[in-house]
Protein chains: 2
Amino acid sequence: MERVWLYDTTLRDGSQREGISFTVEDKLRITEKLDQLGIHYVEGGWPGSNPKDAEYFRRVRRMSLRHARIAAFGMTRRPGRRAEDDENLRALLEAGTPAVTVVGKSWDLHVHRVLETTLEENLAMIRESVALLKAHGREVIYDAEHFFDGWKRNPDYALATLRAAQEGGADWIVLCDTNGGSMPWEIEEGVEAAKRAVSVPLGIHTHNDCELAVANSLAAVRRGVRQVQGTINGYGERVGNANLISIIANLKLKMGIDCVTDEQLARLTEVSRFVAEVANLPHDSHQPYVGASAFAHKGGIHVAAILKTEESYQHIDPARVGNVKRVLVSELSGRGNIVAKALEFGLRLNPEDPAVQAVVRRIKELENEGFYFEDAEASVILMLRRAHPDYIPPFQVLDYVVMVERREGRPPVAEAAVKVRLDGEIVHTAAEGNGPVNALDAALRKALLPRYPALSRVHLTNYRVHILNGDAGTAARVRVWIESTDGQRVWRTVGASTNILEASRLALEDSLEFGIDPTVDHR
Amino acid sequence: MERVWLYDTTLRDGSQREGISFTVEDKLRITEKLDQLGIHYVEGGWPGSNPKDAEYFRRVRRMSLRHARIAAFGMTRRPGRRAEDDENLRALLEAGTPAVTVVGKSWDLHVHRVLETTLEENLAMIRESVALLKAHGREVIYDAEHFFDGWKRNPDYALATLRAAQEGGADWIVLCDTNGGSMPWEIEEGVEAAKRAVSVPLGIHTHNDCELAVANSLAAVRRGVRQVQGTINGYGERVGNANLISIIANLKLKMGIDCVTDEQLARLTEVSRFVAEVANLPHDSHQPYVGASAFAHKGGIHVAAILKTEESYQHIDPARVGNVKRVLVSELSGRGNIVAKALEFGLRLNPEDPAVQAVVRRIKELENEGFYFEDAEASVILMLRRAHPDYIPPFQVLDYVVMVERREGRPPVAEAAVKVRLDGEIVHTAAEGNGPVNALDAALRKALLPRYPALSRVHLTNYRVHILNGDAGTAARVRVWIESTDGQRVWRTVGASTNILEASRLALEDSLEFGIDPTVDHR
């Protein structure tokens, strides 16, 4: 198979996703990760559009990247002016990147209704903009916006725009399914038509509006396209862009295309989680290849089969993409599962160790009370620690009181008081919060921070409440699940009780204790 | 184009997703929604596996469904015994469903290593199991597990298993990509091979491990497959099953296949959100077609273009799938919806009534704060009552204090005090409870019962807590949903706040007020 070049636009198109807002520092850290992953082009932003992007391009020049060429993004010149005089194109050149991506219109509707110019002038805008950038020695990637929509309505004109880019000297012509509405067979036909019209190497840029962005990218590669544009985790406007994570895995593992090395492929899970973390979004545990559940096995039949032969219920070896098989720990698990789980956290146990047996028994008891450990490994690790005779707890919550008060129609007030034992000393303190659980969380942190300043880096990334027997009404048993991070590791803890505050206290206590000492291989 | 039959397995394969646990009541309500959506087959569960599924099949028989045929799911008989004597097959027949789906092995590796029997015996197991079910008059759907993996390794044997199902008399043969590792072109080749081997109508069942489940399903339909299996929102083991929501939209809008009517298609967003709600999972706002962001526009250029011509940045009219452009506003947007909702509760309203308009506005405000009324009709009815000038509240909660206290390692104690106005009189009382929400519930009932003795019949049948923005940690916004009954009627109410007790108080108050006067046609 021929080579495929990977083009990442997480920092530009990806940041269009609702809720994402990268700082310059964030963008530089993501650039570094993308370089380590072996991405060939990193689109850093739109230099004309805001001062943040201009600063990024200044600073990225000082980074020593091994693989990635940085690309700046912009539009063709405006109608009725010379390319040399267009301030957007000038900003693009001033970004000083080796590659420049310039987007132009392929769809006559957009030329008439959005640009409000003539079809001829649009062709000149494309040709002259590309030519100007080439004249300044840039590698020029021409993005044909709405190519597939334009080609479906007015194929002659859509193809004429590609020819204009070729005449301008474009190094790449990238066919965009900007609205994400195309089917794979339409992508294939559009690529074939483009191949007949121009000889420049082609790229593909898709969106996921029909849940087909990955399929559409692969279909284009099968028809000879040599560059794939996408974003990490598929972040992007509306429902998102093509997910480069899945595309890289499919190209390499399913199509035998060496777009990255084996070592780079093994970083896929790490990069996916890193970008989610920087974007301040929960990592999707059901994401293909890299999600925490992507190789999780639950059902008894599946687990039995997996133990006999891994291939039976896994399409690939998860280690190839840096992920791990998870045999979910639950009521039904034996010592083998506990030992395997501890090993995932770097803790080597002897199955004959009485602590292991005690923990297996305890898990069964607690799962009867509503705990659920399959997604709360840190609570399991803490149980293993606590089962050992030489265990000394870093702190103990002796008492707590939480109060919610609402008077005379004013907003409710929540307040918590805690009494904590720390190295023989008693700390008694209190805090308010945004609801009772938050108040308890705040009071506990306030008590522990002076002694364990590292906890200032620990914060919760997710919080869930499950009502276990809703038919018991408000007296139902409640399970609280918490995900925490210190910026490096991620861990999950659980608590259960008929009292939601008690359940939260248990999960919070585990979260903080694990945060104080996340090195599990402590013995 | 020919017809395509839709087969939903949310209640069986979908419930394998980590964290999903449906009650029988949940499953019946989802069945009703799927029927309204026009799904042709609803797989209800695995009758041999647990008492909950057995109860579902008993109760679903009494429902009057317009479209959906209910299917029970099970495995072929065990090796070395007669089909007649197999307790799993017997349980399948006892479920009393018009359709039965039976899964068998297509991959020789699984026959040897997992079933631990001979290739010949597996063929007999398939043939005889299908024949037994046919002899009892069932429509038999044969699921060929791991068909594509088996066909890649040992094509002759994989095709022989399909022939065995055909010999047994199967009405459908469904080709399964159980491990989700196949590429669209492999699916196409496998379907072609199956078409040459058997004449029974074919179906497709895919998983999303390569982010290609939707594409693989469509590829199979293009090669002549006539049944598509999937789940709502793609819920399922590991990364999930094929997402029927996207498949239905693509079949209908992109391929012109009339698998559902226009009216049913317009319920797609509603059904997607409803199932997420019942599954207690946040609805994915970036889900294709139905997510809150699917037609949201952020970039300035896009928004300007959209204002000039909608088609410019939208691949379809969102109304066709029941979604809206810029969806941050409520789903229940129009007065017509409110009038229709009230009518469901026997309350006839005039859409020009200012109370209706006020409620529409209020719903939009509250849904922005995290309420969700689609599944909380009683709260909507109460809003309509309260919007009327002649409304007199049966009671008013003036103040409340809730306290949780845990001291010296003893179990935590929860206590609530409430001050309630009842016909001008002030009742001030307190109660303990099994957790803070239960204590508040108990105190409110204690205050109201002497005046409204009918409330003694009212009790909660279900209680759920949704964390809306879990990434905010313990300060996250919380939605509380309560289902209540007086033994005759069932109603549902909702509350939301960053304080779980305040959210519970709102839902409880609505539940009790509705319980005092459940005859909605009160004017």
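Residues numbered from 1 in each chain as written. Chains lettered and ligands numbered in written order. Predicted model: local features only at pLDDT ≥ 70, side-chain atom pairs only at ≥ 80, totals over all residues. Heavy atoms only, no water.

- Under the annotation held in an unreviewed UniProt entry, chain A carries the name Citramalate synthase and is attributed to Thermoflexus hugenholtzii JAD2.
- Comment text from UniProt for chain A, heading Sequence similarities (unreviewed entry), reads "Belongs to the alpha-IPM synthase/homocitrate synthase family."
- Quoted verbatim from the Catalytic activity (unreviewed entry) field of UniProt, the annotation for chain A is "pyruvate + acetyl-CoA + H2O = (3R)-citramalate + CoA + H(+)". (UniProt positions renumbered as here; feature names shortened; annotations may be inferred.)

1. Some details on the overall build of chain A
Consideration 1: The secondary structure content of chain A amounts to 18 helices and 16 strands.
Consideration 2: C-alpha atoms of chain A, sized along the principal axes, occupy 80 × 60 × 50 Å.
Consideration 3: Per-residue burial for chain A yields a buried fraction of 63% across its 523 residues.
Consideration 4: By sequence separation, contacts in chain A at least 24 residues apart represent 66% of the contacts at least 6 residues apart.
Consideration 5: Roughly 19,000 Å² of accessible area belongs to chain A as shown, and the carbon and sulfur atoms make up 47% of that amount.
Consideration 6: Averaged over its 65 positive side-chain charges, chain A has a centre that lies 2 Å from the centre of its 73 negative ones. (Helix = DSSP H or I, 4+ residues; strand = E, 2+ residues; numbered from the N terminus. Buried < 20%, exposed > 50% of the residue type's maximum accessible area, 1.4 Å probe, protein only. Contact = heavy atoms within 4.5 Å. Areas by Shrake-Rupley, 256 points an atom, 1.4 Å probe, with all protein chains shown as cover. Lys, Arg positive; Asp, Glu negative; His and termini not counted. Charge placed at Lys NZ, Arg CZ, Asp CG, Glu CD.)

2. Here we look at the confidence of the model for chain A
Consideration 1: Residues with a pLDDT of 70 or more make up 92% of chain A, whose mean pLDDT is 89.
Consideration 2: Reported confidence for the predicted complex is 0.75 by ipTM and 0.75 by pTM. (pLDDT = per-residue confidence, 0-100.)

3. Things to note about the interface of chain B and chain A
Consideration 1: Residue-level contacts link 102 residues of chain B with 109 residues of chain A.
Consideration 2: For the pairing of chain B and chain A, the buried interface totals around 9,000 Å² over both sides, and the portion due to carbon and sulfur atoms is 54%.
Consideration 3: Looking only at chain B, the three residues that lose the most surface to chain A are B:E18, B:R406 and B:T474, adding up to 9% of its buried area.
Consideration 4: Seen at the junction of chain B and chain A, the total is four salt bridges.
Consideration 5: Put simply, B:E502 and A:R406 hold a salt bridge, and the shortest N to O gap is 3.3 Å.
Consideration 6: Seen at the junction of chain B and chain A, the total is 22 residue pairs in polar contact (both at pLDDT 80 or more).
Consideration 7: The element best represented in the side of chain B that touches chain A is strand β9 (residues 396-406) of chain B, accounting for 10 residues.
Consideration 8: Residues belonging to the side of chain B that touches chain A are distributed by class as follows: 41 nonpolar, 35 polar and 26 charged.
Consideration 9: Of the pairings in the sheet, the one linking strand β11 (residues 396-406) of chain A to β9(B) comprises seven bridges and is antiparallel in character. Pairing of A:V401 across the sheet is with B:E405, part of β9(B). (Buried area = accessible area lost by both parts, 1.4 Å probe. Salt bridge = Lys/Arg side-chain N within 4 Å of Asp/Glu carboxyl O. Polar contact = N/O pair within 3.5 Å; in protein donor to acceptor, adjacent residues only side chain to side chain. Nonpolar A, V, L, I, M, F, W, Y, C, P; charged D, E, K, R; others polar. Pairing = 2+ DSSP bridges.)

4. Observations regarding helix α8 (residues 184-197) of chain B
Consideration 1: Its 14 residues place the ends of α8(B) 20 Å apart at the C-alpha level, agreeing with the 20 Å of an ideal helix rising 1.5 Å per residue.
Consideration 2: Within the span of α8(B), buried status applies to B:P184, B:W185, B:I187, B:G190, B:V191, B:A193, B:A194 and B:A197.
Consideration 3: On its buried face, α8(B) sits against α9 (213-222) of chain A together with α6 (147-153), α7 (155-168), β6 (172-177), β7 (202-206) and α9 (213-222) of chain B. (Expected span 1.5 Å × (residues − 1).)

5. Things to note about the environment of A:W107
Consideration 1: The residue A:W107 is located in the loop between β4 (99-105) and α4 (108-115) in this model.
Consideration 2: What makes A:W107 buried here is its relative accessible area of 3%.
Consideration 3: Linking A:W107 and A:P51, residues 56 residues apart in sequence, is a C-alpha distance of 31 Å.
Consideration 4: Here A:W107 is in contact with A:E145, A:H146, A:D149, A:G150, A:R153, A:N179, B:E311 and B:S312, once residues within four sequence places are set aside.

6. So, the side chain of A:S504
Consideration 1: As for its placement among the helices and strands, A:S504 is situated in helix α18 (residues 500-516).
Consideration 2: Not counting residues within four places of it along the chain, the set of residues in contact with A:S504 comprises A:V437, A:Y463 and A:V480.

7. A word on unusual backbone geometry
Residues and elements named next belong to chain A.
Consideration 1: Unusually for a residue other than glycine, H146 sits at a positive phi of about 55°.
Consideration 2: Tracing the chain through its elements places H146 in the loop between β5 (139-145) and α6 (147-153).
Consideration 3: With a relative accessible area of 0%, H146 lands in the buried category.
Consideration 4: The backbone of D423 shows a phi angle near 50°, a positive value even though the residue is not glycine.
Consideration 5: In this structure, D423 sits in the loop between β12 (413-422) and β13 (425-433).
Consideration 6: Overall, the relative accessible area of 56% leaves D423 in the exposed class.

8. Digging into helix α10 (residues 244-254) of chain A
All names here are of chain A.
Consideration 1: Extensive coverage of α10 is indicated by the burial of nine of its 11 residues.
Consideration 2: In this fold, the buried residues of α10 make contact with β1 (5-8), α1 (24-37), α9, β8 (227-230), α11 (262-265) and α12 (268-278).
Consideration 3: The N-cap residue of α10 is N243: its side-chain oxygen and the backbone nitrogen of I245 are 3.0 Å apart.
Consideration 4: G256 sits one or two positions beyond α10 and adopts a positive phi of about 65°.

9. Some remarks on the sheet that holds strand β3 (residues 69-75) of chain A
Residues and elements named next belong to chain A.
Consideration 1: Ordered in space as β1-β2-β3-β4-β5-β6-β7-β8, the eight strands form a closed barrel in which the pairing is parallel. Each neighbouring strand pair of the sheet contributes to a mean axis angle of 25°, computed without reference to strand direction.
Consideration 2: Of the pairings in the sheet, the one linking β4 to β5 comprises seven bridges and is parallel in character. Bridge assignment links V100 to a residue of β5, and that residue is V140. (Axes fitted to C-alpha atoms, helices over the stretch in contact; angles between N-to-C directions.)

10. Concerning the environment of A:K325
Consideration 1: Relative to the elements of secondary structure, A:K325 occurs in the loop between α13 (300-308) and β10 (326-327).
Consideration 2: Separated by 29 residues in sequence, A:K325 and A:A296 have C-alpha atoms that sit 5.8 Å apart.

11. Considering the packing of helix α7 (residues 155-168) of chain A against helix α8 (residues 184-197) of chain A
When two helices pack together, their arrangement is given by the angle between their axes and by how far apart the axes lie.
All names here are of chain A.
Consideration 1: Remark: α7 packs on α8, axes separated minimally by 10 Å, with the N-to-C direction vectors making an angle of 50°. What the angle tells us is that α7 and α8 run oblique. Once α7 is placed against α8, the crossing between them reads as right-handed. On α8, the residues that touch L159, L162 and R163 of α7 are A193, A194 and A197.
Consideration 2: Considering only residue class, the contact of α7 with α8 consists of five nonpolar, no polar and one charged. (Parallel < 35°, antiparallel > 145°, perpendicular 65-115°, else oblique. Left-handed = near helix turned anticlockwise from the far one by under 90°.)

12. Comments concerning the packing of α1(A) against helix α2 (residues 51-60) of chain A
All names here are of chain A.
Consideration 1: Close contact between α1 and α2 brings their axes to 9 Å; oriented N to C, the two are set at 45°. One way to sum up the angle between α1 and α2 is to call them oblique. Considering the relative orientation of α1 and α2, their crossing is right-handed. For the pair α1 and α2, contact is made by V24, E25, K27, L28 and T31 and by K52, D53, E55, Y56, R59 and V60, respectively.
Consideration 2: A class-by-class count of the residues in the contact of α1 with α2 yields four nonpolar, one polar and six charged.

13. Brief notes about the sheet that holds β13(A)
Consideration 1: With antiparallel pairing, the six strands of this open sheet are ordered in space as β13(A)-β12(A)-β11(A)-β9(B)-β10(B)-β11(B). Looking at strand neighbours, the two that pair on one side only are β13 of chain A together with β11 (425-433) of chain B, the edges of this open sheet. The mean inter-strand angle of the sheet, taken between neighbouring strand axes irrespective of direction, is 10°.
Consideration 2: Sheet topology places β9(B) next to strand β10 (residues 413-422) of chain B; nine bridges connect them, and they run antiparallel. By the bridge assignment, B:V402 is partnered in β10(B) with B:A416.
Consideration 3: Helix α17 (residues 436-448) of chain A rests against β11, β12 and β13 of chain A of the sheet, and its axis sits at about 35° to β12(A).

14. Thoughts on the nonpolar core
Consideration 1: A:F147, A:I173, A:L251, B:F147, B:I173 and B:L251 are the most contacted members of the largest nonpolar core, which totals 193 residues.
Consideration 2: Element by element, the count of residues in this core is highest for α7(B), at seven residues.
Consideration 3: Ignoring anything within four residues of it in the chain, the contact list for A:I173 reads A:Y142, A:L162, A:A165, A:Q166, A:V198, A:V200, A:P201, A:L202 and A:G203.
Consideration 4: Formed by 116 residues, the second largest nonpolar core is a distinct cluster that contains A:A376, B:V397, B:V418 and B:Y452. (Core = buried A, V, L, I, M, F, W, Y, C linked by side-chain atoms within 4.5 Å.)

15. Describing the packing of aromatic side chains
Residue and element names in this part refer to chain A.
Consideration 1: Under the definition given, this model contains 14 aromatic pairs over all chains.
Consideration 2: Between the aromatic rings of W491 and F514, the centroid separation amounts to 5.3 Å while the plane-to-plane angle is 50°, which identifies the pairing as tilted. Of this pair, W491 sits in strand β16 (residues 490-497) while F514 sits in helix α18, placing them 23 residues apart in sequence. Comparing W491 with F514, the two get one shared label, buried. (Phe/Tyr/Trp six-rings, centres within 6.5 Å; stacked < 30°, edge-to-face > 60°.)

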